[in-house]
Amino acid sequence: MRLLHWKPKPATAMKPIRLLPGLLAILPAAPAAPALMESADDPPAKLNVFRAESTLACGRYYFAERIYGRYEKYPDWLDGFLFFESSVSQSLSYRCLREGTVIALVPVNKNVNHARRMEALGFREAGRAPFLLFKAGAKKTDTSNGYAAYEKQLGVGEMISLPAWTILTGFDVPRAAPTGAGGVLYNGIQLPNVWPPKIDCETEKPPPLVPWLKDRPAVVPIDVGRQLFVDDFLIEKTTLVREFHHPEKYKGNPVLKPETEIEYSKVDRPPGQRPRITRRGATITTSGGMWWNPDKQLFELWYQAGWQTTAAYATSRDGVHWERPSLPLYPGTNQVLPKDKSLDLLSIVLDPFCADPNKKFKIFMTPQVDMVKTRWRARYFTSPDGIDWGEQRTGGIAGDCSTMFYNPFRKKWVYSLRWSYPADRPDGFRARAYWEDSDFERGMNWVPDQPVPWARADRLDRPDSRIGDTPQLYNLDAVAYESIMLGAFKILHGPRNDIAQQRNIPKFTGINFAYSRDGFHWHRPDRRLAIKYSYSAGAWDRGYLNPLGNICVVRGEKLWFYYTGFSGREAIAPGDDGDDLKRTDMHAGGATGAAILRRDGFASMNAGRKGGVLLTRPVRFSGTRLFVNAAGTLVAEVCDEAGKPVAPFTFDNCEPFSGDSTISAIRWKEGADLSAHAGKNLRFHFRLDAGGKLYAFWVSHDETGRSDGFLAGGGPGYTGLIDTVGLAALRPAAAREN
């Protein structure tokens, strides 16, 4: 679905004006301002939009009870107008919040003719030619479905009630505008004056240099989190060489595979015959969510049980061995969503900052693939515990594979929406659109013209020569990790849906890491897949890899990345009958596995055979102790803003670090306390011996080595999603490893 930023284009009125005595000319009058409107019914009517592109037409429905309007062509002058989805059986009411004009699209045909009723309501013809708004049948347009445009000027507080089959358009609605334009973030980055920024996603050219590298702040505050070397944001000069690292797949994969009845899709049989359980089982994250619960001392996982069937809940002490507790919704199962709430994709986010304990967990869900029946509307729930999800609510227009995440640095909910545009491909070209809001539920009800183009694959994403298709961005999930937003770009290498279905193989998607310091622009210096599809027939993760919504959790000195894989099924086993199986076996064999990376191990700055040095840009801190994540031998010194060493924190006085540790304090002969220099503009200078590697540094508030940074999904030994304990977290994690 294509989601763009546009403004309504009100109809232009015409009036005569006198230019010279005896001479009249016809020129357009200034367009009347659209009224600000809201639905006055309960529940309120849903907003939609007229948009010419066929990629959005799938989301354009005129009536709540019918699917008229899916692909029909309407008059060009309607393009870009918001409208309320109407009803074919009852009148709907609307309230004017700001004086202005509205347009009513009124049936005027042999079946229904509301012309006189509209005139009685004070509407007048808008001077537009009658038109056909929708098809009555699949192949032809029925002339009995003629419509005309009527308009009216409304005053503040005025109510109107429109008859069935009548559509209100040509208005604006109250909008929660994004905030933060021009503001300064926790790391010294200043946001642009236009927010969200304008991104050109129509080009295959790589995006320009991200703003925080193009125009770096003069001084970088480093009180939040470990400082990673995924880019040059913190580096003034260095002789070290950056190396990017990828997780290694866990040898015991998959760690969660289908075992129970709800984890296998059912194929319905005619009445009287027992439903057949197929081998299209699935225990897949498909974004989902995995969060450490310090009160229960357990990992909690929400996953898709069965292919596009339901969501389930599992727990684990170590992230490898999983239990499926019996839950109240359907005793004897671990199902958490009602049977009538099938899904395509879901995001489940723990909100540690939520003031309402009954809304501690949030679900964003796109319904099952048959979006026609669900009007392409996102669904959302809130819950106190992730078990009881209460009432489902309907949100804004969203294509399949849309997700959301929380950006705690800016205290914003971010909605990662499927966006596409025409390309030389039968199924279009996948990309992402962006919307944000500080309030989750308000943000879920975005106005259709609010999301903006955000991210896509480009020519630096190289095709897989075995497939040959141009890569596309299938999904974008993100989570706060230490001092950055860590992104997982799900890159599609192909093949097209029809080819995958014909061959009964999964589409080949892999996971590419991305990094953001402002929460919007993404830096992807390493375009290799960090977690690759296996490609080989018979492999559990042959293809269709999908990251966990919160991407990873912290287990001691390691990061564990959980991801979905599919085996597909090219051959139909003896005894399997029914075309329905053969059509859908591209999605057979869905399971969840893990991959492991060193803590902070996305990139290291490496010393060559002669060693090397790294000098940071000016930084400011309020802590007291310098810590590093490093391997090899190194020393450090503190310098003033001009680069002059500050005694006694010099290379000569530094007690060398030697070893391999993800958290180690740097000390000098006179001590390690830097509190006397807190609040000053300083630099850190590191010197590494041959073969040394520096992954991160930070200034902790105490000797624990706490970073006060974010922990993705958390992990054993931590009291929440922020590192407030440092070294103490290594002991419980080590105990679980053993």
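### Thoughts on the overall build of the protein
In step 1: Looking only at helices and strands, the protein has eight helices and 46 strands in total.
In step 2: Burial statistics for the protein: of 738 residues in total, 59% are counted as buried.
In step 3: Residue pairs in contact within the protein that sit at least 24 positions apart in sequence constitute 69% of those at least 6 positions apart.
In step 4: Accessible surface, the protein: about 29800 Å² in total, of which carbon and sulfur atoms supply 51%.

### What about the confidence of the model for the protein?
In step 1: Taken residue by residue, the protein gives an average pLDDT of 88. The fraction at 70 or more is 86%.
In step 2: Throughout residues 1–28 the model reports pLDDT below 50, and contacts reaching past four residues in sequence, or to other chains, amount to 77 contacts.
In step 3: Within the model, pLDDT remains below 50 along residues 572–583, and this stretch shows 17 contacts once partners closer than five positions in the same chain are excluded.

### Side note on the sheet that holds strand β31 (residues 472–482)
In a beta sheet, neighbouring strands pair by backbone hydrogen bonds and run either parallel or antiparallel.
In step 1: The strand order across the open sheet formed by four strands is β33-β32-β31-β46, and the pairing between neighbours is antiparallel. The sheet is open, and its two borders are formed by β33 (509–516) and β46 (710–711), each paired with just one other strand.
In step 2: Sheet topology note: the β31/strand β32 (residues 484–492) ladder contains nine bridges and is antiparallel. Bridge pairing links D477 to A488 in β32.

### Quick look at the sheet that holds strand β6 (residues 92–98)
In step 1: Strands sit in the order β3-β6-β11 across an open sheet of three strands; the sheet is antiparallel. At either end of the open sheet lies a strand with only one pairing partner, and these are β3 (36–39) and β11 (159–162). Adjacent strand axes in the sheet meet at a mean angle of 30 degrees when their direction is disregarded.

### Observations concerning the pattern of salt bridges
In step 1: Scanning the model with the defined rule gives 34 salt bridges in all.
In step 2: Between K152 and E158 there is a salt bridge whose closest N-O contact spans 3.2 Å.
In step 3: Among the ionic pairs, D400 bridges to R418, the shortest N-O distance being 2.7 Å. Here the residue D400 occupies a position in the loop between β26 (393–397) and β27 (403–407), and R418 occupies one in strand β28 (residues 412–421), the gap between them amounting to 18 residues. The exposure classification of D400 matches that of R418, with both residues buried.

### Considering the layout of surface pockets
In step 1: Roughly 1100 Å³ of internal volume is contained in the second largest pocket.
In step 2: If you go around the second largest pocket, you meet 45 residues; those closest to its centre are P43, P44, A45, K46 and L47.
In step 3: Broken down by secondary-structure element, the contributors of at least two residues to the lining of the second largest pocket are β3, α4 (371–374), β25 (377–383), β26, β29 (429–437) and α5 (440–444).
In step 4: Broken down by class, the residue content of the lining of the second largest pocket amounts to 17 nonpolar, 13 polar and 15 charged.

### Here we look at the pairing of strand β23 (residues 343–350)
In step 1: With eight of eight residues buried, β23 is to be regarded as a mostly interior element.
In step 2: Two elements, strand β20 (residues 283–293) and β23, share two bridges in a ladder whose sense is parallel. Bridged to G288 within β23 is S347.
In step 3: Summarising the sheet, β23 and strand β24 (residues 361–367) pair through seven bridges and their orientation is antiparallel. Residue pairing across strands places I348 opposite I363, the latter belonging to β24.

### Concerning empty space enclosed by the protein
In step 1: In this structure the tally under the stated criterion is five cavities of 30 Å³ or more.
In step 2: Quantified by volume, the largest cavity comes out at close to 200 Å³.
In step 3: Listed by contribution, the elements that provide at least two residues to the lining of the largest cavity are β20, β23, β27, β31, β34 (543–555) and β46.
In step 4: Partitioned by chemical class, the residues of the lining of the largest cavity number 17 nonpolar, four polar and one charged.

### Structural notes on the packing of aromatic side chains
In step 1: Tallied over the full model, the rule gives 49 aromatic pairs.
In step 2: Pairing F364 with W446 gives two aromatic rings, centres 6.4 Å apart and planes at 20 degrees, and the pair type is stacked. You can see F364 sitting in strand β24 and its partner W446 sitting in the loop between α5 and β30 (452–455), a full 82 residues away along the chain.
In step 3: Judged by centre distance (6.2 Å) and plane angle (35 degrees), the ring pair of W454 and F520 falls under tilted. Of the two residues, W454 sits in strand β30 while F520 sits in the loop between β33 and β34, which places them 66 residues apart along the sequence. Taken individually, W454 and F520 each receive the classification buried, so the pair is uniform in this respect.
In step 4: Put simply, the rings of W195, F405, Y434, W454, F489, F520 and W522 pair up and form one aromatic cluster.
In step 5: The side chain of R687 reaches across the aromatic face of F651, ending 4.5 Å from its centre.

### What about unusual backbone geometry?
In step 1: Note the cis peptide between D42 and P43, where omega equals 0 degrees.
In step 2: Relative to the assigned elements, P43 resides in the loop between β3 and β4 (47–49).
In step 3: At S287, a residue that is not glycine, the phi angle is positive and equals roughly 75 degrees.
In step 4: In this model, Y544 sits at a positive phi of 55 degrees, which is unusual for a non-glycine residue.
In step 5: Position of Y544 relative to the elements: it lies in strand β34.

### Examining the side chain of N253
In step 1: With respect to the element layout, N253 can be found in the loop between β17 (248–249) and β18 (264–267).
In step 2: Within polar-contact distance, the side chain of N253 engages the backbone oxygen of Y250 at 3.1 Å.
In step 3: A polar contact of 2.8 Å, which involves the side chain of N253, links it to the backbone nitrogen of A594.
In step 4: Filtering out sequence-adjacent residues up to four positions away, N253 remains in contact with W540, Y563, G593 and A594.

### What to know about the side chain of T662
In step 1: Within the secondary structure, T662 is located in strand β42 (residues 657–665).
In step 2: In terms of polar contacts, T662 uses its side chain to reach the side chain of E557, at 2.9 Å.
In step 3: Among residues more than four places away in sequence, those in contact with T662 are R226, E557, R598, R599, V628, N629 and W698.

### Concerning the pairing of strand β35 (residues 558–566)
In step 1: Of all nine residues that make up β35, eight are buried, and the element is covered over most of its length.
In step 2: Relative to β35, β34 runs antiparallel, the two being bridged by seven bridges. Across the sheet, the residue bridging to G543 is F566, located in β35.
In step 3: What sits between the antiparallel neighbours β34 and β35 is a turn of two residues, in which G556 has the positive phi angle 65 degrees.

Cut-off values and rules
- Residues numbered from 1 in each chain as written.
- Predicted model: local features only at pLDDT ≥ 70, side-chain atom pairs only at ≥ 80, totals over all residues.
- Heavy atoms only, no water.
- Helix = DSSP H or I, 4+ residues; strand = E, 2+ residues; numbered from the N terminus.
- Buried < 20%, exposed > 50% of the residue type's maximum accessible area, 1.4 Å probe, protein only.
- Contact = heavy atoms within 4.5 Å.
- Areas by Shrake-Rupley, 256 points an atom, 1.4 Å probe, with all protein chains shown as cover.
- pLDDT = per-residue confidence, 0-100.
- Pairing = 2+ DSSP bridges.
- Axes fitted to C-alpha atoms, helices over the stretch in contact; angles between N-to-C directions.
- Salt bridge = Lys/Arg side-chain N within 4 Å of Asp/Glu carboxyl O.
- 1 Å grid on protein atoms, 1.4 Å probe; cavity = no way out; pocket = protein on both sides within 12 Å on 5 of 7 lines; lining within 4 Å.
- Points joined across faces, edges and corners; volume = space filled by probe spheres on them.
- Nonpolar A, V, L, I, M, F, W, Y, C, P; charged D, E, K, R; others polar.
- Phe/Tyr/Trp six-rings, centres within 6.5 Å; stacked < 30°, edge-to-face > 60°.
- Lys NZ or Arg CZ within 6 Å of the ring centre and 35° of its normal.
- Polar contact = N/O pair within 3.5 Å; in protein donor to acceptor, adjacent residues only side chain to side chain.

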